[in-house]
Amino acid sequence: MNALPIPSAGARLSGRTALITGAARGQGASHAERLASEGARVLACDVLDDEGKATAARLQEAGLDVEYLHLDVTSPDDWARAVDRARTATGRLDVLVNNAGIIHVNPLLDERTEDWNTTLAVNTTGPLLGIQAAVPLMRSGGGGSVINVASIFGVVGAPGYVAYCASKGALVALTKTAALELAVDGIRVNAICPGGVSTPMNEHEKEGGVIPQTPLGRRAHVREISGAVAFLASDDSSFITGTEMIVDGGFLAH
Ligand SMILES: NC(=O)c1ccc[n+]([C@@H]2O[C@H](COP(=O)([O-])OP(=O)(O)OC[C@H]3O[C@@H](n4cnc5c(N)ncnc54)[C@H](O)[C@@H]3O)[C@@H](O)[C@H]2O)c1
């Protein structure tokens, strides 16, 4: 059996290019910082341009190779422009983190088709468009890693969150199908299912959201999700594809 090179800790992503959506703030900004600190050149993308530019500037000041790009994940044209930027900047794309997401609360019987469609467009169609745009460049570089940020609510239901749960459940299923189709290209595709994470997304939650059902008794810090993303982005996970990694403080262990 051929010996596998042992990835050098600290620079696991050296020479790699990573594109992260929803990276202006919250988990995406933390993923940008973590992947860049492991050596990647990061294209941090979002629709919040001011916040995204400020995040990229803060990370550049810390010596990290992070560039902000406007990318609405529902726009095929924006995807084409972002992947083009990777092509001109480094000639490669090794990691795609489909992290952008939205949420809203509505009882099932009051759910409006418009809100449902918007949620699926961002949370599910966005990652599909991203994979379609990224794969040719990834393939030309010999492979890559796609990480789709789903949720514990893509695995179990949550009253009031019908569109969100459906969008994330579909993303987990999309992940498995993409993994099967893209394995031949050396492209691994995995999902991460975070539990509660302290970000602007759950500021609206009353009574601590999922904390009472979380055995570790708290929400995750964004960096605790970034560690899992960096693992899936790196060669440390070279035999992992088509799976969902649960990072939930024990929520789903019940
Ligand atoms: N916060 C949690 O408890 C939690 C738990 C599980 C999963 N998630 C998922 O984690 C991901 C990151 O969320 P977060 O917690 O950092 O929340 P967040 O609201 O801070 O970040 C989401 C980011 O996505 C961006 N975004 C929204 N629509 C976009 C679009 N059309 N195109 C590009 N960017 C867009 C937003 O501008 C924002 O910067 C999401 O997919 C979310 O569903 C969050």
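Structure report, in brief.

Analysis parameters
- Once a new chain begins, its residue numbering starts again from 1 and follows that chain's sequence as written.
- Local features in this predicted model are restricted to residues whose pLDDT is 70 or higher, and side-chain atom pairs enter the listing and the counts only when it is 80 or higher, whereas totals over whole chains, interfaces and linings include all residues.
- In computing side-chain values, all of the structure's heavy atoms are included and hydrogens and water are not.
- Paired strands are those between which DSSP finds at least two bridges.
- Secondary structure elements follow DSSP: runs of H or I no shorter than four residues count as helices, runs of E no shorter than two count as strands, and numbering proceeds from the N terminus.
- Under this scheme, a helix contributes an axis fitted over its contacting stretch, all axes are lines through C-alpha atoms, and angles between N-to-C directions fall in the 0 to 180 degree range.
- Contact between two residues is taken to exist if any of their heavy atoms lie within 4.5 Å; hydrogens are not considered.
- Defined by distance alone, a disulfide is two cysteine sulfur atoms within 2.5 Å.
- For every residue, the accessible area obtained with a 1.4 Å probe (protein chains only) is divided by the maximum for its type, and the residue is called buried under 20%, exposed over 50%, and partly exposed between those limits.
- A crossover counts as right-handed when, viewed with the strands pointing away from the observer, the path leading from the first strand over the helix to the second turns clockwise.

## Description of the sheet that holds strand β3 (residues 66-70)
Taken in spatial order, the seven strands of this open sheet run β3-β2-β1-β4-β5-β6-β7, and their pairing is parallel. Edge positions in the sheet fall to β3 and β7 (244-247), since each has one partner strand and no second. Averaged over neighbouring strand pairs, the angle between their axes works out to 20° when direction is ignored. Most of the contacts of helix α3 (residues 76-89) go to strand β2 (residues 41-46), to which it runs at about 165°, and overall it touches β1 (17-21), β2, β3 and β4 (95-98). Contacting β5 (144-149), β6 (187-194) and β7, helix α5 (residues 162-182) runs over the sheet at an angle of about 160° to β6.

## Notes on the state of the cysteines
In the structure shown here, the tally under the stated rule is zero disulfides. Just so you know, C165 is unpaired, no disulfide at all, and the nearest cysteine sulfur is the one on C193, 11 Å from it.

## So, the pairing of β5
Counting buried positions along β5 yields six of six residues, so the element is predominantly enclosed. Here β5 shows no split at all, with G144, V146 and N148 on one side and S145, I147 and V149 on the other all buried. As paired strands, β4 and β5 are joined by four bridges and run parallel to one another. Residue pairing in the sheet places L96 in a bridge with V146 of β5. In this view, the connection linking β4 to its parallel neighbour β5 by way of helix α4 (residues 113-140) has right-handed handedness. In terms of strand pairing, β5 meets β6 through six bridges, oriented parallel.

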